[in-house]
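# Inside the fold
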Amino acid sequence: MLLCGYYGEHNLGDDALLTALLHQLPPQLTPLVTAHDQAEVRERFGVATVDRRSPRAVLAALAGCGALVFGGGSLLQDATSFLSLVYYAALIAAARLQGKPVLLWGQGLGPLKRRRSRALVRALLPLAQGITWRDPESAQLAVGLGRRAPVGSDPVWSLEPQHWLGEGGPIVVCWRPTPLLNGAAWRPYLQALEQLAELGQREVLWLPFHREQDTGLYSRLLAEGLVGEGLARRSRQVEAHQPSEAMAVFGSAGLVLAMRLHALILAALSGAPVAALSYDPKVRAAATGFGAPCCDLAEAEPSAEALAASWASSLDQPIGPAAIAAQRAATAVHRDLLTLLLD
């Protein structure tokens, strides 16, 4: 069973997806996982791996596997590049030529910015023996391309929820670099964060969710003179090497300000109060799905005062358990896909 995803890329969200997929996989099936940092994935998950950045190695591995599973995330998209989409198309075509089933498990679909991308995905979708989508927007896009399939919530919601212990706790920031915020465009968000921290007398913990992409963000903002004295005084960076470690930090937080999709979901599963900053429609869709407040970075720049007031209303106010339970229940379609087609 070849499990294909952005695994071993030092992103806690992808690690969480792999954790969820391995938990749902029928026990009699043996996984082979595409991974960049293969040693880390083998050590952490106890699975065999193949170099995901080597098409030749992945195609050779596919020849010895019984099925191809695209495991969460958004693999069929051209935001990364058109060549990335072609790579995944080649895997699907190779699997079908070998008579092996293809499952798109808990997938997001898009963005598909190019006409040729949409044409390619329209041709690919009928080749999959089973599909489940992680959000209604992906399902709707697929319908427009000629394929209907069940829709659930993101598979990471299937992980075990935790008990929140964070009343009066720190503000945890899971932000990432984005073209939507350059230089002074960060200022209202940092000013709002400073106001909130000063008002609530809270420490601010900067938690990089992607080891390479996010780790230097706070230092860069500080070097650019964008971080106020009060915020700098209260801030420090913390590390989490596994999703469970991130959830432990979230579970002791008075508020998590999440820009990354799976930081938002893991924080909610930790029982923590959350507020989203959406750099991508998938983040807004997830926040809307369970009633978390969300600021869309693609819209007009908000005032620091409005942001601080919005975040203050969420401080020490966790999302209701019913909303979390509904999201968890909606992951059943992904488990059913694996059980029915692979068992």
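Residues numbered from 1 in each chain as written. Predicted model: local features only at pLDDT ≥ 70, side-chain atom pairs only at ≥ 80, totals over all residues. Heavy atoms only, no water.

### Focus: the packing of aromatic side chains
- A complete count under the given rule lists eight aromatic pairs for this structure.
- Consider the rings of tryptophan 206 and tyrosine 218, whose centres lie 4.8 Å apart with planes at 35°: the pair is tilted. Highlighted residues: tryptophan 206 in strand β8 (residues 204-206) and tyrosine 218 in helix α8 (residues 217-223), separated in sequence by twelve residues. When sorted by exposure, tryptophan 206 lands in the same class as tyrosine 218, which is buried.
- The residue whose ring lies beneath arginine 116 is phenylalanine 82, and the NZ or CZ to ring-centre distance is 4.0 Å.
- The ring of tyrosine 279 has arginine 176 lying over it, and the distance from NZ or CZ to the ring centre is 4.5 Å. (Phe/Tyr/Trp six-rings, centres within 6.5 Å; stacked < 30°, edge-to-face > 60°. Helix = DSSP H or I, 4+ residues; strand = E, 2+ residues; numbered from the N terminus. Buried < 20%, exposed > 50% of the residue type's maximum accessible area, 1.4 Å probe, protein only. Lys NZ or Arg CZ within 6 Å of the ring centre and 35° of its normal.)

### Describing the side chain of arginine 202
- Tracing the backbone shows arginine 202 in the loop between α7 (187-200) and β8.
- Using a relative accessible area of 8% as the deciding quantity, one classes arginine 202 as buried.
- Of the polar contacts made by the side chain of arginine 202, one reaches the backbone oxygen of glycine 169; its length is 2.8 Å.
- One polar contact links arginine 202 to aspartate 316, side chain to side chain, over a distance of 2.6 Å.
- Filtering out sequence-adjacent residues up to four positions away, arginine 202 remains in contact with Gly168, Gly169, Ile171, Ala197, Arg234, Gly254, Leu315 and Asp316. (Polar contact = N/O pair within 3.5 Å; in protein donor to acceptor, adjacent residues only side chain to side chain. Contact = heavy atoms within 4.5 Å.)

### Thoughts on helix α5 (residues 115-124)
- Burial in α5 covers these residues: Ser117, Val121 and Leu124. Each buried residue of α5 sits inside an arc of 55° when the element is viewed along its axis, so together they form one side. For α5, exposure combined with an orientation more than 90 degrees from the buried face picks out Arg115 and Arg116.
- Its buried side turned inward, α5 meets α4 (82-97). (Arc of directions from axis to C-beta.)

### Some words on the sheet that holds strand β3 (residues 48-51)
- Reading across from one edge, β3-β2-β1-β4-β5-β6 is the order of the six strands in this open sheet, with parallel pairing throughout. What marks the edges here is a single partner per strand, and that holds for β3 and β6 (130-133). Neighbour to neighbour, the strand axes of the sheet diverge by 20° on average, direction disregarded.
- Looking at chain direction, strand β1 (residues 2-7) and strand β4 (residues 68-71) are connected through three bridges and run parallel. Across the sheet, the residue bridging to cysteine 4 is phenylalanine 70, located in β4. (Pairing = 2+ DSSP bridges. Axes fitted to C-alpha atoms, helices over the stretch in contact; angles between N-to-C directions.)

### Overview of the pairing of β1
- Within β1, five of the six residues are buried, leaving the element largely enclosed by the surrounding structure.
- Note that β1 and strand β2 (residues 32-35) share three bridges and pair parallel. What sits directly across from leucine 2, in β2, is leucine 32.
- Taken together, β1, helix α1 (residues 12-24) and β2 form a β-α-β motif whose crossover is right-handed. (Right-handed = clockwise from strand over helix to strand, strands pointing away.)

### A short note on the sheet that holds β8
- Overall, parallel pairing links the six strands, which are arranged β9-β8-β7-β10-β11-β12 in an open sheet. Only two strands of the sheet have a single neighbouring strand rather than two, namely β9 (235-237) and β12 (294-296). Each strand of the sheet is rotated relative to its neighbour by a mean of 20°, with strand direction disregarded.
- Two elements, strand β11 (residues 274-278) and β12, share three bridges in a ladder whose sense is parallel. Following the sheet pairing, alanine 276 is matched in β12 by cysteine 294.
- Contacts between helix α11 (residues 261-269) and the sheet are confined to β7 (171-174), β10 (255-258) and β11, with β11 contributing the most and set at about 170° to the helix.

### Remarks on the nonpolar core
- Judged by nonpolar contacts, the single largest core of 90 residues is most densely connected at Trp175, Leu193, Trp206, Phe250 and Trp311.
- It is α11 that provides the largest number of residues to this core, a total of eight residues.
- Setting aside residues no more than four positions away along its own chain, tryptophan 311 makes contact with Trp175, Tyr189, Ala192, Leu193, Leu196, Leu255, Leu257, Ala275 and Leu277.
- In terms of nonpolar packing, the next biggest core, distinct from the first, is built from 34 residues, Leu68, Leu76, Ala89 and Leu91 among them. (Core = buried A, V, L, I, M, F, W, Y, C linked by side-chain atoms within 4.5 Å.)

### A look at the pairing of strand β5 (residues 102-107)
- Burial analysis of β5 places six of its six residues in the buried class, the great majority of the element.
- As paired elements, β4 and β5 share four bridges and run parallel to each other. Across the sheet, leucine 68 pairs through a bridge with valine 102, a residue of β5.
- Handedness of the β4-α4-β5 crossover: right-handed.
- Judged from the three bridges that link them, β5 and β6 form a sheet pairing that is parallel. Paired with glutamine 107 across the two strands is tryptophan 133, which belongs to β6.
- Running through α5, the crossover from β5 to the neighbouring parallel element β6 is right-handed.

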